[in-house]
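Examining the three-dimensional arrangement
For reference, the chains in residue letters:
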Amino acid sequence: MKQITFFLAFLITTLSYAQDVISQDIRVSDYVEGTLLAPNSRTTTVAIIISGSGPNDRDGNQNFMQNNSLKYLAEDLAYAGIATFRYDKRALTMLKKGASEKQIKKVTFNDFVDDAKKVVNYLKNTKHYDNIYIIGHSQGSLVGMLAASENVKGFISISGPGKPIDEIILDQIGQMGATDLVESAKKTFAILKTGKTDKDFNPGLANIFNLDVQPFIRSWIAYSPTEELAKLTIPTLIINGDNDIQVSQNEAELLQKAKPEAKMVIIKNMNHVLKIVEGKDTQENVKTYNMPQLKNAEKLAETILVFIK
């Protein structure tokens, strides 16, 4: 009897939980399709969630990397009374529409920024939301900074790099101990910064400087996260996990130094895909990148809610 009573209580709680939010798929533009998750009770506050690098879908997943990080973040905020809009990356949307590989390779970093701006304008024009916030994860942090306008009330960076992408790539190459490749990369970056293409790049760096990829890299290295963040005049929250093996706590500190009035929160044991991982075992950390059943760090949504509310 106790088991039946417990099950009924669980079922009622689950149904109530599911009815607390309304999910609506929305097409903002030809390249922006996403999900608006809003509480049943009316709210005038919405947070736009922008994902990181790669062909991520609106839930934060890729073909061989399923973790639901952005889906869980959206749900945590929506159930607490904050509407959210999360969307698929442009390349993924193009792929679904049958675009060729050649067409997809023409996408630039600035296209990501344009997509985010379209979302801001769309939500503003609905007249439902007076308070629009941007939450950018990883690469999405820089995208969010550039998309923020007078229509945005606040900006939240989660695991956002503080260094420009060229410096990050040079650091990563340097960690491999390949001095010659570092110098070659510096030469190519210098050429790209002039707006030109390096047709004579080091073949050992083909995965970074392939001729098809260079236009995207050229558009990305044009921006410095610290410089762009310093330009913002809106309240800013910087979040990082101290177990993030992709974007370290030092990157968050660089951002905070660029904008001293910003609030910085370091979440203990949170990794890059927003999960709690005990210990410093890299393999155990990476395993969570493909564990869709694992919920996000509780403190993540709590910290954002305090900032917004």
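A brief look at the structure comes next. (Residues numbered from 1 in each chain as written. Predicted model: local features only at pLDDT ≥ 70, side-chain atom pairs only at ≥ 80, totals over all residues. Heavy atoms only, no water.)

1. What about the sheet that holds strand β3 (residues 45–50)?
Consider a sheet: its strands pair through backbone hydrogen bonds, and that pairing is either parallel or antiparallel. How we decide: Only strands that DSSP links by at least two bridges are regarded as paired with each other. Secondary structure elements are taken from DSSP: a helix is a run of H or I of four residues or more, a strand is a run of E of two residues or more, and numbering for both begins at the N terminus. Every axis corresponds to a line fitted to the C-alpha atoms, with the helix fit spanning only the stretch in contact, and the corresponding angles, defined between N-to-C directions, vary from 0 to 180 degrees. Whether two residues are in contact is decided by their heavy atoms, any of which lying within 4.5 Å being enough.
Strand order in this open sheet of eight strands is β1-β2-β4-β3-β5-β6-β7-β8, and the pairing throughout is mixed. Each edge of the open sheet carries a strand with a single partner, namely β1 (21–29) and β8 (263–267). Direction aside, neighbouring strands of the sheet carry axes that sit 20 degrees apart on average. In this structure, β3 lies alongside strand β5 (residues 131–137), joined through six bridges in parallel fashion. Bridged to Ile-48 within β5 is Ile-134. Of the strands in this sheet, β1, β2 (32–39), β3, β4 (83–87), β5 and β6 (152–158) are in contact with helix α2 (residues 69–79), which crosses β4 at around 165 degrees.

2. With respect to empty space enclosed by the protein
Rules: Only protein atoms enter the 1 Å grid used here, on which a cavity is any set of points holding a 1.4 Å probe that cannot leave and a pocket is any open set flanked by protein within 12 Å on both sides along at least five of seven lines; residues with an atom within 4 Å of a point are listed as lining. Grid points are joined across faces, edges and corners, and a volume is the space filled by probe spheres set on the points.
Under the criterion given, the structure shown has one cavity of 30 Å³ or more. What the largest cavity holds in volume is close to 80 Å³. Forming the walls of the largest cavity are Ile-50, Ser-51, Tyr-87, Asp-88, Lys-89, Arg-90, Phe-112, Asp-115 and Val-143.

3. Here we look at helix α14 (residues 298–308)
What counts is decided by this rule: When a residue's accessible area, from a 1.4 Å probe over protein chains only, is under 20% of the maximum for its type it is buried; when over 50% it is exposed; and in between it is partly exposed.
Those residues of α14 lying buried are Leu-300, Ala-301, Thr-303, Ile-304, Leu-305, Phe-307 and Ile-308. Close packing links the buried residues of α14 with β3, α2, β5, β6, β7 (236–241) and β8.

4. Thoughts on the pairing of β3
Rules: If the strands point away from the viewer and the path from the first strand over the helix to the second runs clockwise, then the crossover is right-handed.
Most of β3 sits inside the fold, with six of its six residues counted as buried. Here β3 shows two buried faces, one formed by Thr-45, Ala-47 and Ile-49 and the other by Val-46, Ile-48 and Ile-50. Bridge count between β3 and β4: four bridges; the pairing is parallel. Residue pairing in the sheet places Ala-47 in a bridge with Thr-84 of β4. With α2 bridging β3 and its parallel neighbour β4, the resulting β-α-β unit is right-handed.

5. Things to note about the pattern of salt bridges
Going by this rule: We define a salt bridge as a side-chain nitrogen of Lys or Arg found within 4 Å of a carboxyl oxygen belonging to Asp or Glu.
Summed over the entire model, instances satisfying the criterion amount to 16 salt bridges. Among the salt bridges present, the one from Lys-96 reaches Asp-88, with a minimum N-O distance of 3.2 Å. Its relative accessible area of 1% is what places Asp-88 among the buried residues. When the shortest N-O distance is used, the salt bridge between Lys-163 and Asp-171 registers 2.7 Å. A residue is classified by how much of its surface remains accessible, and Lys-163, at 26% relative accessible area, is partly exposed. Its relative accessible area of 34% is what places Asp-171 among the partly exposed residues. Linked by salt bridges that have partners in common, Asp-25, Arg-58, Asp-88 and Lys-96 make up one network.

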